[in-house]
Every structure is written in C-alpha cells, then in structure tokens.
Amino acid sequence: MGVEIRNRIAKRAAEEIKNGMIVNLGIGIPSLVPNHLPAGTNVMFHAENGITGMGPSPEKGKEDENLCNAGGFPVSIVKGASYCDSTIAFGMIRRGRVDMTILGSLEVSGKGDLANWIVPGKKVPGMGGAMELAQKAKKVIVLMNQTDKYGNPKIVDECTLPLTSARCVNMIITEMAVFQISSHGLTLTDLFTPYSINEVRAKTGCSFTIAENVRVIN
Amino acid sequence: MGVEIRNRIAKRAAEEIKNGMIVNLGIGIPSLVPNHLPAGTNVMFHAENGITGMGPSPEKGKEDENLCNAGGFPVSIVKGASYCDSTIAFGMIRRGRVDMTILGSLEVSGKGDLANWIVPGKKVPGMGGAMELAQKAKKVIVLMNQTDKYGNPKIVDECTLPLTSARCVNMIITEMAVFQISSHGLTLTDLFTPYSINEVRAKTGCSFTIAENVRVIN
Amino acid sequence: MENTFNKIIELDVAMKHFRDGMIIMFGGFGGIGTPPTLIDGILDNGYKDLTLIGNDAGFPHIGIGKVVSQGRAKKMIASHIGSNPVAGQLMTDGRMEVEFSPQGILAERIRAGGVGIPAILSDIGLDNDIVTGNKQTCIMGGKKYLVETALTANISIVFAKKADPYGNLVFDKSARNTNPLVAMAGDMTIAEVEEIVPLGSLDPDEIITPGVFVNYIVPSKGVNWKWAWE
Amino acid sequence: MENTFNKIIELDVAMKHFRDGMIIMFGGFGGIGTPPTLIDGILDNGYKDLTLIGNDAGFPHIGIGKVVSQGRAKKMIASHIGSNPVAGQLMTDGRMEVEFSPQGILAERIRAGGVGIPAILSDIGLDNDIVTGNKQTCIMGGKKYLVETALTANISIVFAKKADPYGNLVFDKSARNTNPLVAMAGDMTIAEVEEIVPLGSLDPDEIITPGVFVNYIVPSKGVNWKWAWE
C-alpha cells in the first residue's frame, strides 16, 4: 500500500480522536495517525510498557536508551506524560480508561470478531497485549487493506484465523471504505474515491448495509 | 503493669531483633521495643499504611500532619526510609519479607494460636492488619501479661476467644517468663526475677517443658 | 492555571456529581490522607444513605469519621472501625451495616477494582467466620482459597499533595496510603489537592497516580481537623 | 559508598547465587530495562537449562534475547517472542518450551507472586485455547473466569537507575516497565543499577521499589547493546 493511501486511512482514523482522549496505537498504519491530528488536540497516547503521553519519534541521535514504546522503538513524551509499571498500564485498559485502540488486523468478521495475532502453521509470536486491548478498550478501530495479497477479502462472514477476541471491533477503515460495526452488523459509512459501493461489495466477504448518507472522501 | 516491667519485657523482645531485619510493631508494649535496641542496629520498622523505616515519635510541635503510623499517631522516618501504598506494605508481609511482628494479645494457646482481635459480646472493631501479620510475618512474638485482670492465665490450652490466626505465634514474653513455641509445644526458656518456675506454672493455663538452660533475667 | 483538560473544578461543581445512596470510596488510613474539603462538601450538601468503602472509619472528628458520626452512611466496608467509637455504636444499634475485610486484602480488592481484575484468591482469614462470611471458595493445588471480589465505587475521593491540570498526582509521605488504589477504583475519581502546578512541571518518573484515572481536581482548603493525638 | 546492609556486591559474587536449571525472572520490555551486566554474567558463567519468566524474548542481541539466542533456556513464560526470531526457531524445533500469557495478565501474575497473592481471576482470552490451556476456571456471579496463578522465581534480576545501600530503587522512564513487579517476585532479587547513592539521598516519596524487596545491588557496566532500531 502506498504512502499516500496509508496516510488517507490514517487521516480518517484521526477524525475519530476527540479532545481529552487516551488512545493506544498499534504498529504500522496506526502509527501514522498522530501526524493527522488538528493542532491543539489534547490527546494522550498510551503504551503498554508504561507510558501515558507519548510524543513523536525523536530526531536521529537524540534517542533515549531508556525510553521506548511497546515495540521497543524510541519515542519522546509530551507535557503531562507519566511513567508507570506494566500492571498499571494494563489497568488503564481493563478499567475502561483507554478510550480507543487503533490497530491492524489479518481478518475482521462482520460481527466484529478480530483475528490479528496468529497464522496457524506459521510461527506463533504470542499475543502480547492484543487481547486486553481488543477486549477492553472502549472503542476498537481496525486499519487494514480491503483484501490480502491474493485479493481475498479481509472482512469476512466468519474469521478463518484464530480469534484475538470476539465481537470487539467497532470500526474498520480500509483504502476503499469505512465501516461501523454494531449489534445490527456491518454498515458502510464512508467511501474513498474512486471506489464505488459495488467495487467495495465485490471485495468484502460478508454482506453490509449502507448508511443513509454515505460520505465520499477524496 | 508498671513502666519498669513493661520496659523489661520490651528489652527482652529487642534482643530478638537482628541487624538488617524488617520489623512490624503493634501498639502498647511493642512500641517501647525500639528504645532498647543497641546503637547501630540497622533495623527497618514497617507500618501497614506504607512506611518502611519508621523512626521515633517527633518532638511535640514537630509533628507532620501527613506522616503517621498505622494507628494514626505521628512518627518520623530514618535514612533509607520509603513510602509505598498499602498493597505494597502488605505485599511485604505476605511475601515473607517482614522478618518479625511484635504484638499484644488477649490469649495465646500452647500450640501458638493467637486470639487478639475480638471479645464476643463487646464491640467488634474489625481485624485491621492483624491476620496478615499473624499468618505471614516470619516470626510472631507476643508481649503480654501472664494473666488477665482477674488473674486468669492468658496462655491457655485452647483459646476461648475467636482466633486471629491458628498456630502462628513463635514466642511469648510476659512479665514472668519467656516461652518458645515449636511443633513440640511450649517451652519456657527465660525466667524474670523474682519469679520461680512453679509460680509461672501456677499462672499458665497449659503444660510446658523447661529448656535445658533456663536463663534468669534480673 | 491553564485548565487544558477541564478537570480543575470548584468544590460546589464537584458536589453536583454526588447523590444520596451512592457508593463512595475514600482514600486515607487512620484519618490521614482523607480529603477534608470534599468530606465537608458531602456533609454540607446533606448527602446520606451512603455506602462507604475504605481502610477504616477514621476518628469521630477526623477524615471519613465525620461522615460516619453524622449518620450519613448506611453501610461501610472497612478493615476496622476501632478508632471511631461512634461507628461501633451505629453498628451495634443496627443503624449502619459494616462488612469487615482484612486490611491488606481490602487494599488488594480496591486495587483489583481499579485495574479491572474481577477477583483475587486469598488465604488470609480462611478459618475465620467473619472473613469467610458467605464468600465463595476455590480449590487450587489441593488447597482451599477465598475468592475475594474486586471493589469499585460510583465516586472515589482522594487526597494528594500536588496535581497538574491532567490530574497526575503526587502524594505526601504516609498520606499516600490507600489513595493511589482508591483513585483507580472509582467510576469517577475526584482528587482534592494541596497544590495545582502547571502541566509539565511534575517529573514524569515521580507521578504516582497517572491523570488517566482522575476525572476532576478540587483545590483543598487545607487540613482542618485536630489530630487524634492532640 | 558505605555498605551498611551488605547488599552492594560485585558481579562475580552475585553470579555465585545462580545455578543451572533455575527459574529466573527478568525485568524489561522489548529489551529495554533488562539488566545488561547481569545478563552477560549469566552468559559468561555458562548457566543453562534456565526457565525464564518475563514480558518477552527481547531481540536476538538485546536484553534477555542473548540468553535465549545462546540456547540457555529450556522454558520461557512470556507474552510474546515475536521480536526474537531465534526464540521462535527454538520453539518450533522443540528446543525451548514457551508458555504464553496475555501481557497485562502476565504482569499481574508476576505482581501477585510478588505480593503473596496465590492467583487472580481473569476474563482475558477466555475463548482462546492458547490462553486457557489447562487452566482451572472459576464461576463467579454466573460468569466463567480463568484462575491465573501467581508467578515467582528463584532469582529476579532487575535494572534500575539508582539505588541506595538499602536497595531502594528508582527507575528511568519506560525502563521501569515490569521491573518493580519482577523485583517483588523473586525469592532473591538482584538489582543492577546505573548509580549507587548514599543512604538518605533518595527522596522517600520517589522510591519505586522499597529496598525490602532487594537482596543485592550490582553496579552496572552500562548499556552495551545496539538497539533494535539501529
């Protein structure tokens, strides 16, 4: 996926972040989201290793060897940041104090089942903090391609891969469209140009309804 | 009990404290124990409200309104002291990091059962931290009178009062004698002058053996 | 002070979040570390039928003790009430229900509520009727344990030395006690603080309670009681 | 430095406490916060057949990853090993057993071991075979929970910024991560520290790990790895 498309997805995701929120970002496209926040948005980015208030990556050469994100990569902090141990970082998640997690996925079902941690027969890397985030963050947003590298839909009726967590995803943003997931199922709300609803349907593995006013995003 | 006798008990208890120990003191006679430690003993006194390294009571007028012991009374701290929340203070106890607790009691049985928290029919004050300390401190020393105010033995065959914890007391120090409690039962090890072993026997509610070399303390 | 996160509020605004019959959890241990200004606010606004959760019943005129002494609590969950004879009398008279929990286990139950853990297993007070009550047990490795359930509250009130506008808290000496635990366990947490400092002026390593857990900050009018030892 | 509590020792003395086959718990998260000097000591002294408990398998040449990469571990309990391909290979080849635990639950299990709680109940990963494994369950209020048992170790190794001679520890930024938890969980805890300061020079409010939990202090030779991002 090109940088431009990745940024378009990240920009749309950034719209979901409201003032005062606590947000956990996965690796990949989610890490681009902060670049698209309006100036002056008071948001605290949360990391599982015990940071509340992560800032951008430091300039090369200014990395601090004792300051990294949950993936082990150097970060900075913003004013009002704090450090805690991992139990408290996960306490924030389980207690429902993390407003949103934005992450990637291998598959998502129309019911919101998330499968993003394991491909059977391949290496099993372990679940890390994915299950806690999927089960307990107040809102789960998935950013991913509409299809896998073979062209198969990643939004499916039933996940074929082992679940990270069932019925946890609230929103999916792909390069083609934005979907909301509620107890009523999957609803397409936004369409990225130049795609048509029929094109999206052809690349989605389950049925979905169309919102009353579909927004078209250039 | 007169001040002199209380101090004699406290002084004997102080002998049990070795360099480097972490010790929790109950109210009453136990609070006198620190006055009898040899100079230079490196001991950290622990309080359930989250202090490691309590020092003596501050001078009148120098109390700090945010610094008290577990009973709510003003204390000071020593070099190397630290503050923590109550879960960590009790974590130290349950993890076996508190070497000794020295406390008062209503009754102790010859097997080491401790009954020090409730008199049925009277007010029920709650157990506070007594159960954790009794069950989990590495060594439990009881300082108390040999008899109650009616002259009845407080060291008994079976406690008549509800237990704080069963088989937890390792040592009893009264104004008359010192007892060790092991799996073999109660053993008299020290005798305070002017008492005789027969006098102690007459005021003890269960049988005990006599150590090979009974120490006599003036 | 810049109120970037709209968390800094006046006492009267904070009081609008309370209701009769609420479950209120309070920080403090032996009176010290319980927020005096918020306690007075609760009293002045006449809130009653409260369920109070915290370490102890304070002293009759100190800490949560004032709320208890004025008969505002229908129930209390605590580790002891021995320092407040009024609490004992109310319990004896059947005017206040008291549920006792061993002190360290009570603290863990509050923490468990704060970090979203449903329960812990415990071997403290296993042979004691007052502790075991009707509690569920669980056999593990052939041994019996008590299932000690998490505690949460509608509102948690805590007392801190300093806060920044995000609600990051630093506590003072032994007034920390149960406050960091209680701060996590409330569905809403209101911190009474001695001083509010600008964002970025607290050392991020020294913050004990991350502001994530704090919804509102109320400036303290100061400790206003006579101590038990006076 | 005055060694009042005889806790300050040299690396070679610290190493005498280790044995083949031991359960070793390590602080750190993604390599950062794992004690480099103690890790090198374990490697140089040839200790093997170790059971390692900690957040992750680090990177092949960073943190605990070095111990794993050199085949010194027979078992690992961790939340993920994805950043260390060697660990994955050893697991696939059946040369290292790996038990996975969700990250936050793993941290709580370590903490539970550290504060003497036998187990916690959890609803994380309840419908996931790898999480549930053969774990006991407990029905509470009609809902099923996993019994997640406490973890302890023969020796815990942690990394801190500063220690005083009592072993009171202060951590640096996100290198705190699992260290305060691991410090409590060891039957013996050895802290590698960047700086040893005189007794009384740490602010008692700012100490994260009370020295009560620390048996020995070893001066660090400094962070000596290349970072994952280099």
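Residues numbered from 1 in each chain as written. Chains lettered and ligands numbered in written order. Predicted model: local features only at pLDDT ≥ 70, side-chain atom pairs only at ≥ 80, totals over all residues. Heavy atoms only, no water.

When helices and strands are counted, chain C shows 7 helices and 11 strands. By the compact-globule yardstick of 17 Å for 230 residues, chain C fits well, its C-alpha radius of gyration being 18 Å. Overall size of chain C, expressed as C-alpha extent along the three principal axes, is 55 × 40 × 35 Å. Residue pairs at least 24 apart in sequence account for 72% of intrachain contacts in chain C once pairs closer than 6 positions are excluded. Of the roughly 7500 Å² that chain C leaves accessible, carbon and sulfur atoms contribute 47%. Charge separation in chain C, taken as the distance between the mean sites of 20 positive and 26 negative side-chain charges, equals 3 Å. (Helix = DSSP H or I, 4+ residues; strand = E, 2+ residues; numbered from the N terminus. Rg over C-alpha atoms; globule rule 2.2 N^0.38 Å. Contact = heavy atoms within 4.5 Å. Areas by Shrake-Rupley, 256 points an atom, 1.4 Å probe, with all protein chains shown as cover. Lys, Arg positive; Asp, Glu negative; His and termini not counted. Charge placed at Lys NZ, Arg CZ, Asp CG, Glu CD.)

On to the overall build of chain A. Secondary structure summary: chain A contains 4 helices and 13 strands in total. The C-alpha atoms of chain A give 17 Å as radius of gyration, which agrees with the globular expectation for 218 residues (17 Å, within 12%). Based on the C-alpha atoms only, the size of chain A along its principal axes is roughly 50 × 40 × 30 Å. For chain A, the exposed area adds up to about 9100 Å²; of that, 51% sits on carbon and sulfur atoms. Averaging the locations of the 23 positively and 20 negatively charged side chains of chain A gives two centres separated by 2 Å.

All names here are of chain B. Inspection of the entire model under this criterion finds 0 disulfides over all chains. No disulfide involves Cys159; its nearest neighbouring cysteine sulfur is the one of Cys168, lying 9.2 Å away. Given a relative accessible area of 9%, Cys168 falls into the buried group. (Disulfide = S-S within 2.5 Å. Buried < 20%, exposed > 50% of the residue type's maximum accessible area, 1.4 Å probe, protein only.)

Residue and element names in this part refer to chain C. For strand E3 (residues 73–78), a buried count of 5 out of 6 residues is recorded, marking the element as mostly surrounded by other parts of the structure. Bridge count between E3 and strand E4 (residues 97–100): 4 bridges; the pairing is parallel. Within E4, the residue paired with Ala78 across the bridge is Phe100. Chirality of the crossover, the property in question, places the unit of E3, helix H4 (residues 85–92) and E4 among those that are right-handed. (Pairing = 2+ DSSP bridges. Right-handed = clockwise from strand over helix to strand, strands pointing away.)

Right, let's get into the packing of aromatic side chains. A complete count under the given rule lists 6 aromatic pairs over all chains for this structure. Measuring from centroid to centroid gives 5.3 Å for A:Phe179 and A:Phe208, while their planes differ by 75°, and the two rings are edge-to-face. Here A:Phe179, found in strand E11 (residues 177–182), pairs with A:Phe208, found in the loop between helix H4 (197–202) and strand E13 (209–217); they are 29 residues apart in sequence, far enough to count as distant. Like A:Phe208, A:Phe179 is buried. Between D:Phe18 and D:Tyr47 the ring centres are 5.9 Å apart and the planes differ by 35°, which places this aromatic pair in the tilted class. Of this pair, D:Phe18 sits in the loop between helix H1 (11–15) and strand E1 (23–26) while D:Tyr47 sits in the loop between helix H2 (36–44) and strand E2 (50–53), placing them 29 residues apart in sequence. Judged by its relative accessible area of 1%, D:Phe18 falls in the buried class. Stacked on the ring of C:Tyr166, the Lys or Arg C:Lys7 has its end atom at 4.1 Å from the ring centre. (Phe/Tyr/Trp six-rings, centres within 6.5 Å; stacked < 30°, edge-to-face > 60°. Lys NZ or Arg CZ within 6 Å of the ring centre and 35° of its normal.)

Let's shift gears to the sheet that holds strand E3 (residues 51–55) of chain B. Residue and element names in this part refer to chain B. Spatially, 10 strands are ordered E4-E3-E2-E1-E5-E8-E10-E11-E12-E13 in an open sheet, and the strand pairing comes out mixed. Whereas interior strands pair on both sides, the edge strands pair on one side only; in this sheet they are strand E4 (76–83) and strand E13 (209–217). Averaged over all pairs of adjacent strands, the angle between their axes in this sheet comes to 25°, without regard to strand direction. Here 2 bridges tie strand E2 (residues 44–47) to E3, and the two strands are oriented antiparallel to one another. (Axes fitted to C-alpha atoms, helices over the stretch in contact; angles between N-to-C directions.)

A few words on the interface of chain B and chain C. Counting residues at the interface gives 36 residues for chain B, matched by 43 residues for chain C. The junction of chain B with chain C conceals about 3300 Å² of combined surface from both sides, 61% of it contributed by carbon and sulfur atoms. Contact with chain C buries area across many residues of chain B, yet B:Glu65, B:Asn66 and B:Thr87 alone supply 19% of it, more than any other trio. Summed over the shared surface of chain B and chain C, the number is 3 salt bridges. Between C:Lys173 and B:Asp64 there is a salt bridge, with its nearest N and O atoms 2.7 Å apart. At the junction of chain B with chain C, the criterion picks out 21 residue pairs in polar contact (both at pLDDT 80 or more). (Buried area = accessible area lost by both parts, 1.4 Å probe. Salt bridge = Lys/Arg side-chain N within 4 Å of Asp/Glu carboxyl O. Polar contact = N/O pair within 3.5 Å; in protein donor to acceptor, adjacent residues only side chain to side chain.)

Let us now look at the packing of helix H2 (residues 86–94) of chain A against helix H5 (residues 103–114) of chain D. At their nearest, the axes of H2(A) and H5(D) sit 9 Å apart, and the two run at 130° to each other. The angle between the axes of H2(A) and H5(D) places the two elements in the oblique class. You can see that H2(A) and H5(D) cross each other, and the crossing is left-handed. Judged by residue contacts, A:Ser86, A:Thr87, A:Phe90 and A:Arg94 of H2(A) engage D:Gln103, D:Gly104, D:Ile105, D:Ala107, D:Glu108 and D:Arg111 from H5(D). (Parallel < 35°, antiparallel > 145°, perpendicular 65-115°, else oblique. Left-handed = near helix turned anticlockwise from the far one by under 90°.)

Our next topic: helix H1 (residues 3–14) of chain A. Residue and element names in this part refer to chain A. Taking 1.5 Å of rise per residue, the 12 residues of H1 would be expected to cover 16 Å, and the 16 Å separating its terminal C-alpha atoms lies within 8% of that figure. Those residues of H1 that sit buried are Ile9, Ala10, Arg12, Ala13 and Ala14. On its buried face, H1 is in contact with strand E5 (100–103), strand E8 (140–143), strand E10 (171–173), E11, strand E12 (185–192) and E13. (Expected span 1.5 Å × (residues − 1).)

Residue and element names in this part refer to chain A. Checked against the element boundaries, Ile181 lands in strand E11. In this structure the C-alpha to C-alpha distance between Ile181 and Gly112, which are 69 residues apart in sequence, comes to 6.3 Å. Each residue touching Ile181, except ones within four places of it in the same chain, is listed here: Val108, Ser109, Gly110, Lys111, Gly112, Val169, Asn170, Ile172 and Leu186.

Of all residues in chain C, 97% attain a pLDDT of 70 or more, and the chain-wide mean is 95. Two summary scores accompany this predicted model of the complex, namely pTM at 0.97 and ipTM at 0.97. (pLDDT = per-residue confidence, 0-100.)

A few words on the sheet that holds strand E9 (residues 155–156) of chain A. Residue and element names in this part refer to chain A. Taken in spatial order, the 3 strands line up as E7-E6-E9 in an open sheet, and their pairing is mixed. Of all the strands in the sheet, just strand E7 (114–115) and E9 have a single pairing partner and so form its edges. Bridge count between strand E6 (residues 107–109) and E7: 2 bridges; the pairing is antiparallel. Looking at the pairing, Glu107 lines up with Ala115 of E7.

In many analyses, interface size is given as the accessible surface area lost on bringing the parts together. Each side of the interface is counted separately: chain A has 36 residues, and chain D has 43 residues. Roughly 3300 Å² is buried in total at the junction of chain A and chain D, and carbon and sulfur atoms are behind 61% of that figure. Among the residues chain A hides against chain D, the three largest losses belong to A:Glu65, A:Asn66 and A:Thr87. Together they make up 19% of the total. At the junction of chain A with chain D, the criterion picks out 3 salt bridges. For the salt bridge of A:Lys136 with D:Asp123, the shortest nitrogen-to-oxygen distance reads 2.7 Å. Linking chain A with chain D are 20 residue pairs in polar contact (both at pLDDT 80 or more).

What follows concerns the nonpolar core. It is characteristic of soluble globular proteins that their nonpolar side chains tend to be buried jointly. C:Leu52, C:Met76, D:Leu52 and D:Met76 are the most contacted members of the largest nonpolar core, which totals 164 residues. Counting 28 residues, the second-largest nonpolar core is a separate cluster that includes B:Ala14, B:Val43, B:Tyr83 and B:Phe192. (Core = buried A, V, L, I, M, F, W, Y, C linked by side-chain atoms within 4.5 Å.)

It is worth spelling out the side chain of A:Glu48 at this point. Among the secondary structure elements, A:Glu48 is positioned in the loop between strand E2 (44–47) and strand E3 (51–55). At a separation of 3.3 Å, a polar atom in the side chain of A:Glu48 contacts the side chain of A:Asn24. Apart from the residues within four sequence positions on either side, A:Glu48 is in contact with A:Asn24, A:Ala70, A:Ser86, A:Ala89, A:Phe90, A:Leu133, D:Phe29 and D:Gln103.

Right, let's talk about the environment of A:Glu175 for a bit. All names here are of chain A. Here Glu175 shows up in the loop between E10 and E11. Separated by 28 residues in sequence, Glu175 and Thr147 place their C-alpha atoms 9.6 Å apart. The residues contacting Glu175, other than those within four sequence positions of it, are Met1, Ile5, Arg8, Ile9, Met144, Asn145, Gln146, Phe192 and Tyr195. In terms of polar contacts, Glu175 uses its side chain to reach the backbone amide nitrogen of Gln146, at 2.9 Å.

The subject of this paragraph is the pairing of strand E6 (residues 137–140) of chain C. Residues and elements named next belong to chain C. Going residue by residue along E6, you find Cys138 and Met140 tucked away on one face and Thr137 and Ile139 left uncovered on the opposite face. Two strands pair when backbone bridges link them, and E6 and strand E7 (residues 143–149) are joined in this way by 4 bridges, in the antiparallel orientation. By the bridge assignment for E7, Cys138 is matched with Tyr145. From the end of E6 to the start of E7, which pair antiparallel, there are 2 residues, and Gly141 there has a positive phi angle of about 55°.

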